[in-house]
Every structure is written in C-alpha cells, then in structure tokens.
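Reading the structure
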Amino acid sequence: MRTRGTGTWSNLIRVAAVSLAIAGCTVTSHQQEQYLISPDAGAGQADLCQTPTDVEMNTINGYAEELIHSYNVHYKNENDAMKDAGNTSSLWEYAVFDMDLVNPKHKYITQQINEVKKKQKFFEKQLANGHLYLYHIVNELKSRDMPLELAVIPIIESNFNPHAVSHSGARGIWQFVPITARNFKLKKDSTYDMRRDVIASTDAALTYFNYLYKIFNDWNLAIAAYNLGEGTVMKAIRVNKSLNRPTDLWSLPLPRSGVNYVEKLHAYTDLLRNAKQNKLKFPDMPYRPVFKKTHITPGTSLKKLSERTGISVERLRKLNPGFTSDTKPTTLVNYALIPVNDMDLRENYTLEKVKNPPKETYRTHAIAANIKAEKQAYEQLLAQTEKIGRASCRE
C-alpha cells in the first residue's frame, strides 16, 4: 500500500491508539460526552472495557474519512460505481478503479515508466486497440475476483491483436504457445483456432493466471511465470531458498525478459492510475457490452451468419477472429459473436483529455486502489484492536 507521507501513518497510529482504548476500556463516567482518550494520547492512558459513545466512534471513523478525502476522492461502494459507470468517459477509467496491486517502488519500474512516457501517443493507441475485447476481459476479471491490472497483459502480449504471432508460435491476444494451448484445451484445426477466440482464450488465460497464483501466492511471480513458465520461476525460488536468499521477484535469478515483463505491467498501470498528471488521453470507450454470443448450428460459416443477421462479414470477422475463413464452418465451437450496438465500429472512439471529475463520483485521477487499501487497513486495524480489547475484558 502506498502512502502520502507521514500524515497517513500518523492518522493510522491515532486510529490504533483510540481503537485500542475503546476496544477495552472502563471509565467511571461519560460526563458531557467526554472523550475516553485524546487522539494524541497513548492507548495505555485509557481504562478498559467501557462501551464507546457515538461521539467517540465518530472521532475514530473520522480518521478513516480523512484518509479517504486526503486523496480528493468520494469513496463509493461497488453498486455506486456501477451506477456511475454509464457516465464514465472511458472503460479504462472504470478498470482503474479496481486496480488493487501494489506498485513496487523499484528503479527499473521507474525506468519503464519513463520509457513509456516517451511513447505516450503510441500507448494511447494501444489502449484504444482494446475497444472490441476490453469490456469482456474486465467483466471476466471482476467475476473471478482477479486483479484488473491483468487487463493490460494483452497490450504487452499482442497490442490486442488476435492475429498476432510470435517467433515461438504463440497466437492470439493472450499469446498462447501450442503446448500451453493444448493444456488449456484451446483446439485448432483448418477451420478454427481457439487461441484467437477472445472468449475461449480469455477463459484459458485467466484460468492459467489463477493456477499460477495458487502456486506462488504472489501476483508478481505469477505474472512472471505466465511469461517464463512456472518451472523456471519455481527453480529460481528453490535456488534462493537453498542459499537463504529472498524469494521476491527482484531477488530471484530469472531471465531479465521475465522481470521486464512484470515491470512493464506496473509501468502501464502506474500511467493509467495517474492519467491526469501524465496528461494521458483515454479512448472514449464506455462501460457497455460490445458483443454477445449467439448459437450457431453445424455448417454455419461467417458468410451464412452475415446473410442470416444482416451484419456485414467484415464486422463478424473482427469479432470472430478464430474462424480461418469466411466461408468455412467449424465444429470446434457452437457459437459466434455478434455486435449488440455500434460500439464495435472504430470510428465511434475518440481520444479525450482526462478532465476533473464531478465531486460526487468515483472517477478520479487519484489512485483509487490506494483509497481502498487505506480503508481496508483501517477496518482491519479496528477489528484487530477490538479483538485485543475483548480478550483483555475477559481476563
């Protein structure tokens, strides 16, 4: 969790002091709603096991509010965020709200940030390249309670190009090599390549990320393993453990390319979180679905689907890159994607300068992840100190 100088920690220390006092306090009287303990006093000066007054609880809760408002943000819950999403100028802004990973303060990440800034116009175009698939990816990440930062991976891997092919034969927006594709049941024949299918490949990629996180219990290591392979990362961890060395990403003897992969992800998300300060322009991509799945019967090609729906083959081809031909049907999948509005048309997207958001909205240039982290830290701290206080009362 990043902080904003000593003020934040000072407030947290105050919360700890007041919470400890209230969690287990006995005071003989509450004349005129006097505070049990001054916010600046030590917890040891308080008696134990007295139920706090509303004024006292308001004082404690006030510290949490100070933390939140110190970022110039009106904290809103998930339902409020969803209500506001229709007015959000960019889907990327919505994604930033749920980016929770701590951005390590590492010199190589700072170097990456500076490198991306030199090519910021290109980065803005990369963001716009996600206009067809980002809504689906963000929703899948949220439904699995996974870091929204992973929505940036297709930029690093393929620039959101489903037809991208690497020198090692990796394909699709998530760049699956043949052996990993087979492990995650991404099939391929002369009519269809599931690595290029955004539905199938996204499901496989997120399943793979979850698998890696369960192994390493660290998202930096999981992301590096996605790039290098879990065997490479596990071997590096074993080496460091045998030498009694740290096992964080930057301490492991890993190929520089894998570490650079993770640093680039953090650099991109740092720019997204600080869009206004960096004068970054978000593409005008509203939080709305771009496509929906429709069942297709055997023998249905993109051309036949176009004739049946009245949707041009060109539009269907962009949403269904798994098909190898407009005229060849496939038996590998029984669905196709069709547009639900005109949001699949590139001309509907423009780059707009990030503006100051309305006061009562979650959309902000501040780092929303920090707000959530501070609030969670406060709640955990309060719960912990209350637990300690109850134990003291029982004794």
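These figures come from a predicted structure and were not determined experimentally.

Things to note about unusual backbone geometry
- The residue N159 is not glycine, and still its phi comes out positive at about 55°.
- Within the secondary structure layout, N159 lies in the loop between α8 (153–158) and α9 (178–183).
- Of note in this structure, F160 is not a glycine but carries a positive phi near 60°.
- Among the secondary structure elements, F160 is positioned in the loop between α8 and α9.
- Take F160: its relative accessible area is 3%, and that puts it in the buried class.

Focus on the packing of aromatic side chains
- Within the structure shown, the criterion is met by 10 aromatic pairs.
- Judged by centre distance (5.0 Å) and plane angle (85°), the rings of Y192 and F323 are edge-to-face. In this pair, Y192 sits in the loop between α9 and α10 (198–216) while F323 sits in the loop between α15 (313–319) and β3 (335–339), placing the two residues 131 residues apart along the sequence.
- Taking the relative accessible area as the measure of exposure, F323 reaches 7% and is therefore buried.
- Centroid distance F209 to Y226: 4.2 Å. Interplanar angle 10°. Geometry classified as stacked. Highlighted residues: F209 in helix α10 and Y226 in helix α11 (residues 219–228), separated in sequence by 17 residues.

Considerations on the environment of P147
- One can find P147 in the loop between α7 (134–143) and α8.
- For P147, a relative accessible area of 10% gives the class buried.
- In contact with P147, other than residues within four places in its own chain, are L101, L141 and W219.

Structural notes on the environment of F209
- Its relative accessible area of 0% is what places F209 among the buried residues.
- Spatially, the C-alpha atoms of F209 and L150 are 9.0 Å apart, while their sequence positions differ by 59 residues.
- Non-local contacts of F209, meaning those with residues more than four positions away in its chain, are made with M146, L150, I153, W174, W219, A222, I223 and Y226.

With respect to the confidence of the model for the protein chain
- In the predicted model, the protein chain carries a mean pLDDT of 75, and the fraction of residues at 70 or more is 64%.
- Mean pLDDT in the protein chain bottoms out at strand β4 (residues 351–353), which sits at 42, and peaks at α10, which reaches 97.
- The low-confidence segment residues 63–82 (pLDDT under 50) makes 49 contacts with residues lying over four places distant or belonging to another chain.
- A low-confidence stretch, residues 349–371 stays under pLDDT 50, and its non-local contacts, those more than four residues away or across chains, total 70 contacts.

Here we look at the pattern of salt bridges
- Throughout the structure, instances matching the rule amount to nine salt bridges.
- Note that E149 is salt-bridged to R273, the shortest N-O span being 2.9 Å. Of this pair, E149 sits in the loop between α7 and α8 while R273 is found in helix α13 (residues 256–273), placing the two residues 124 residues apart along the sequence. Summarising the burial analysis for this pair, E149 and R273 share the class buried.

Calculation rules
Residues numbered from 1 in each chain as written. Predicted model: local features only at pLDDT ≥ 70, side-chain atom pairs only at ≥ 80, totals over all residues. Heavy atoms only, no water. Helix = DSSP H or I, 4+ residues; strand = E, 2+ residues; numbered from the N terminus. Buried < 20%, exposed > 50% of the residue type's maximum accessible area, 1.4 Å probe, protein only. Phe/Tyr/Trp six-rings, centres within 6.5 Å; stacked < 30°, edge-to-face > 60°. Contact = heavy atoms within 4.5 Å. pLDDT = per-residue confidence, 0-100. Salt bridge = Lys/Arg side-chain N within 4 Å of Asp/Glu carboxyl O.

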